[in-house]
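What follows is the residue order along each chain.
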Amino acid sequence: QVHVAESGGGLVQSGGSLRLSCVVSGSIFSIDAVGWHRQAPGKQRELVAAISRDGSTNYADSVKGRFSISRANAKNTVYLQMNSLKPEDTAVYYCHADGVITEAPTRVLDDYWGQGTQVTVSS
């Protein structure tokens with residue numbers, strides 16, 4: 001069993017900053033990539049940022065230069081540093097662990113989603 005847990009969401013003023021955390025736990029052998037997605041009311045879920053096993057990153061155009069994704073070396077923890085926040089960043093942010101291989105004996109390859117954390121940016 002793999003569990004993904006996000007934290008760090010909250011209410012912030014426009015121009016402010018938040019740091020989201022994602023912890024992936026369980027009997028995990030490896031993770032190919034971890035990404036942050038967001039979904040605003042009435043909108044489709046969209047990829048915000050992702051980091052691969054080799055450390056490569058990619059970002060949605062709307063957040064380039066403002067958001068930064070990183071990982072902790074000693075833990076299955078990924079951060080999303082969000083700066084210069086705008087009201088249009090308001091959404092539920094979900095962490096997604098992709099290409100997860102569990103340890104023996106299960107040894108399954110799958111992806112897992114967190115429950116989401118609310119980010120609200122006020123003007």
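Before reading further, recall that the structure is shown in the block above.
Fair warning: this is a prediction, and the values are worked out from it, not measured in the lab.

Moving on, we come to the side chain of D89. Locating D89 in the fold gives a position in the loop between β8 (77–82) and β9 (91–102). Owing to a relative accessible area of 0%, D89 belongs among the buried residues under this scheme. Residues in contact with D89, not counting those within four places in the same chain, are R38, R66, F67, S84, V119 and V121.

Let us now look at the pairing of β8. Judged from the 6 bridges that link them, strand β3 (residues 18–26) and β8 form a sheet pairing that is antiparallel. Each bridged residue has a counterpart across the sheet, and for C22 the counterpart in β8 is V78. In terms of strand pairing, strand β7 (residues 67–72) meets β8 through 6 bridges, oriented antiparallel. Residue pairing in the sheet places F67 in a bridge with M82 of β8.

In the structure shown here, the tally under the stated rule is 5 salt bridges. The partner of D32 in a salt bridge is R53, and the shortest N-O contact between them spans 3.8 Å. Within this pair, whereas D32 is found in strand β4 (residues 28–39), its partner R53 is found in the loop between β5 (46–52) and β6 (57–59), the two being separated by 21 residues in sequence. Residue R53 is classed as exposed on the basis of its relative accessible area, which comes to 55%. Residues D89 and R66 are paired through a salt bridge, measuring 2.7 Å at the closest nitrogen-oxygen approach. Residue D89 is found in the loop between β8 and β9, and its partner R66 is found in the loop between β6 and β7; the two are separated by 23 residues along the sequence. This pair shows no difference in class: D89 is buried, exactly as R66 is.

Cut-offs and rules
- Residues numbered from 1 in each chain as written.
- Predicted model: local features only at pLDDT ≥ 70, side-chain atom pairs only at ≥ 80, totals over all residues.
- Heavy atoms only, no water.
- Helix = DSSP H or I, 4+ residues; strand = E, 2+ residues; numbered from the N terminus.
- Buried < 20%, exposed > 50% of the residue type's maximum accessible area, 1.4 Å probe, protein only.
- Contact = heavy atoms within 4.5 Å.
- Pairing = 2+ DSSP bridges.
- Salt bridge = Lys/Arg side-chain N within 4 Å of Asp/Glu carboxyl O.

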